[in-house]
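Chain by chain, the residues run as shown.
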Amino acid sequence: MTVSKGKCFFDRLADNSIHIRLTMSSSPLPLSFSMNSFSSSAPTRQPLHASSLQLPSHVRWTKDELHQHPRPKTVRYRLSQLCREGQPHLARQLFDEIPSPTTVVWNAIIIGFICNNMPHEAILLYSQMKSKSFLSDSYTYSSVLKACAQTQSLRIGKAVHCHIIRSHLYPSKIVCNSLLNMYASCLYDDVKSVFESIPKRNVISWNILISWYVKMGLFVEAVTHFVKLLKSGLKPTVVSFVNVFPAVAGIGDSKLADAVYGLLTKSGDEYFTDVFATSSAISMFAELGSLESARKIFDYSLERNIEIWNTMISGYVLQNLPDEALNLFIHALHASDDVPIDDVTLISVLTAVSQLQELDLANQIHAYIIKTMPILPVMVMNTLVVMYSRCNSIEESSKIFKNMNEKDTVSWNTMISSFVQNGMDDEGLKLVYEMQNQGFVIDDVTISAVLSAASNLRNREIGKQTHGYLVRHNIEFEGMESYLIDMYAKSGLIKVAQNLFERTSSSSCDRDQATWNTMISGNSQNGLIEQAFDVFKNMIDHNVSPNSVTLASILPSCSVMGSPRLAKEIHSFSIRHSLDNNVFVHSALVDTYSKLGINTYAENVFLLSHEKNLVTYTNMILGYGQHGMGEKSLHVFNSMKENGIKPDSVTIIAILSACSYSGLVDEGLRLFELMEEEYEIVPLVEHYCCVVDMLGRVGRVSEAYDFVKGLGEKGNDLKIWGSLMGCCRIHAEFELGKVVGEKLVEMGVGDKHSGYHVLLSNMYAEEGNWECVDRLRREMFEKGMVKEPAYSWIDNGGRTDYFMSRDRNHAHGDEIYEMLDVLDTDMKDVEV
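- Under an unreviewed UniProt entry, the name given to the protein chain is Pentacotripeptide-repeat region of PRORP domain-containing protein, and the organism recorded is Lactuca virosa.
- The UniProt entry for the protein chain carries the following comment under Subcellular location (unreviewed entry): "Plastid, Chloroplast".
- Per UniProt, the protein chain has the following entry under Sequence similarities (unreviewed entry): "Belongs to the PPR family. PCMP-E subfamily."

## Points about the environment of Ala453
Point 1. Secondary-structure assignment places Ala453 in helix α27 (residues 444-457).
Point 2. Between the alpha carbons of Ala453 and Glu427 there is a distance of 9.7 Å; along the sequence they are 26 residues apart.

## Concerning empty space enclosed by the protein
Point 1. Under the criterion given, the structure shown has three cavities of 30 Å³ or more.
Point 2. By volume, the largest cavity amounts to about 80 Å³.
Point 3. Looking at the largest cavity, the residues that line it are Tyr261, Phe272, Thr273, Asp274, Val275, Thr278, Ile297, Tyr300, Ser301, Leu302, Glu303 and Ile308.
Point 4. Elements represented by at least two residues in the lining of the largest cavity include exactly α17 (275-287) and α18 (291-300).
Point 5. Residues of the lining of the largest cavity, tallied by class, amount to seven nonpolar, three polar and two charged.

## Describing the nonpolar core
Point 1. Counting residues in each nonpolar core, the largest one holds 221 residues, and the members touching the most others are Val160, Phe245, Leu724 and Val740.
Point 2. Here this core takes eight residues from helix α12 (residues 203-215), the largest share from any one element.
Point 3. Those residues in contact with Leu724 that lie beyond four places of it in its chain are Val692, Val701, Ala704, Tyr705, Val708 and Val740.

## Describing unusual backbone geometry
Point 1. Of note in the backbone geometry, His168 takes a positive phi value of approximately 60 degrees without being a glycine.
Point 2. Looking at where His168 falls in the secondary structure, it is placed in the loop between α9 (154-166) and α10 (173-185).
Point 3. Backbone geometry at Asn543 places phi at a positive 60 degrees, although glycine is not the residue there.
Point 4. Tracing the chain through its elements places Asn543 in the loop between α32 (529-541) and α33 (548-561).

## As for the packing of aromatic side chains
Point 1. On inspection of all chains with the given rule, the structure shows 24 aromatic pairs.
Point 2. Ring centres of Tyr183 and Tyr188 lie 4.9 Å apart, and the angle between their planes is 40 degrees; on these two criteria the pair is classed as tilted.
Point 3. Given a relative accessible area of 5%, Tyr183 falls into the buried group.
Point 4. Ring centres 5.9 Å apart and planes at 80 degrees place the aromatic pair Phe329 and Tyr368 in the edge-to-face group.

Reading the values: the criteria
- Residues numbered from 1 in each chain as written.
- Predicted model: local features only at pLDDT ≥ 70, side-chain atom pairs only at ≥ 80, totals over all residues.
- Heavy atoms only, no water.
- UniProt positions renumbered as here; feature names shortened; annotations may be inferred.
- Helix = DSSP H or I, 4+ residues; strand = E, 2+ residues; numbered from the N terminus.
- 1 Å grid on protein atoms, 1.4 Å probe; cavity = no way out; pocket = protein on both sides within 12 Å on 5 of 7 lines; lining within 4 Å.
- Points joined across faces, edges and corners; volume = space filled by probe spheres on them.
- Nonpolar A, V, L, I, M, F, W, Y, C, P; charged D, E, K, R; others polar.
- Core = buried A, V, L, I, M, F, W, Y, C linked by side-chain atoms within 4.5 Å.
- Buried < 20%, exposed > 50% of the residue type's maximum accessible area, 1.4 Å probe, protein only.
- Contact = heavy atoms within 4.5 Å.
- Phe/Tyr/Trp six-rings, centres within 6.5 Å; stacked < 30°, edge-to-face > 60°.

Following this line, the structure appears as structure tokens:
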């Protein structure tokens, strides 16, 4: 077994655990198993006997005849041969017929089971060996420790360690390294102490220690011990470099990566051309974002197996370069290497298609997969579900999920998350219920999806029930507090969210970015602007660095406060901390500056942004539209389409509103007609309201009325008729307004909102019909309708003061009204 293959063999971990009670004494293991139970599942065959391998007594060969008749194979050789041929059940039958197997024979069957990926059975054999008081040697201990490493059975491994100590056997290097590997594979905390206790460490010992540091996420320590390995005088192996490359990537130092890879190339051709080292080096540079270096290594590699192809393809996917990943995949199909495509390749390719979100391409790749692989593994099926979901074809995702013959927990979670991410929260919650009925246990991924659905639905009851489930089952996972705070904030229970935020840690420094960001966003969404800024300031005071999500969450509060100063300060903060190039920050800045009336700033941010997504374009279209710049809105809309970004329903609302504000009715109507035909967007109530408002603003009120009537049942919405009512009042269409008003009153039965009643009342008042005015106001009083008063605010030295009509609750209310009286007197004097 080569070092590389041995490393891969050591690192394989079994999924199932075994419950064996081992003692730490020198006595045999107190286990009573029927070892014949393993043979029961084997195919029915004629049993093998040890005697069948012995020569008859009458057969005698001379010395010369021995060359013609080789000696018969030993029992140990026959056992090993059966295991190499993949027939451990036959080997077990033969072993059970041996009356007194020697230690060598025990070792042969134990090693044979391990090589056939049967580590649990190997441990049971070792237990039987100890119970029958057979002596163990270095090969026995080394083998069973490998089995413990594969099954991550730390308790059993410690028992074997105890047996080694009490056997008074001087441990060989193989046993020491196997012991070290067992502790490292079980992620034991004090592997370094075990390493230091080894009297004569070889390069394998160092490799195991470096690998353990990487598994524990201690990347600096891994690189440090790699350097110590170099200084120790031992020559690193290929495995040494394969182990240290992930640590270098974890540190994130490109110069260090160049140095370590340079050392590999100088170590000899057997290092430079090794496929494992090549694949690991490509992965390291890809994770560091140095795709040019990764591609050079790929191009210069003399031998490319499927792992090398997969590593390069997945590197492009990791850095969000799906086009390059797909081009390389096509190149792989036609490459001279003739390497078969495997599951990992397909998963990377499907992920690349998900990033592109192109449905036609998704269908093509899916068709290719079906032609090449009639039976798809569960992992590939799960990735197909994700791909179609991200390509906005949730129907196809659901179809694939329903037709899966085999589903695992990941399959259910993938489909549930797909429903939630596509706005089908009710369907996602129903699937959670069905998942439990099918006997699957919900995990942290399921819980995350449920909490997201509860947040989207603003359903506090589902959120509370989920929170209770977490508490009852003692479930904790990373980011749980953020999900809960977001759910309670969006459900209107902001006080609960704030209390939960305060209880997340005894020290605010322990809260992660996501928790701070969620609390800022929650306060902002609930109109608690001052609290949002307080959390933002506390976040900085506690040395938690704001990220792009933080700035995108706090910037909308600046427009609500009407504070250009704060918006500029946050913009400056983003520049100082190199966050100004983030697409989410750009989008939020465009929206904030537009709403603050500083359209020049919004335009400059938009033009200077290197990366623009759909939200960026939509915010700029809306910003231009709100300021009556309809032509510029149309220009941005057309530019967005030319850049390959497909508009969604919100974008259409923005461009229709821009056309409405600017009087570009014909252009707006033409866009509305193209919604379903060209953009495949089904019109919503908001789109109908935009059309009504567009027609009404230019005085085409009758045409707007005909449009609403033509909608039929789809037009029976308070918002649509309310827009029409506003048009009637603006253009003094009193007769039509009264018809529309009565329709609104009829539709609003049981509605506590008074807006439409007040609008109709004002229309009657303008006409001088006071009898109808009194009737409407009387109806409002009887229904308990009260007009919600509006308020004004002013930024007073960084503090926002709010005012309502006849409000005397302000701290300086008496002084304010005294000043108003003085101003009123002065104004009257000026008029005189």
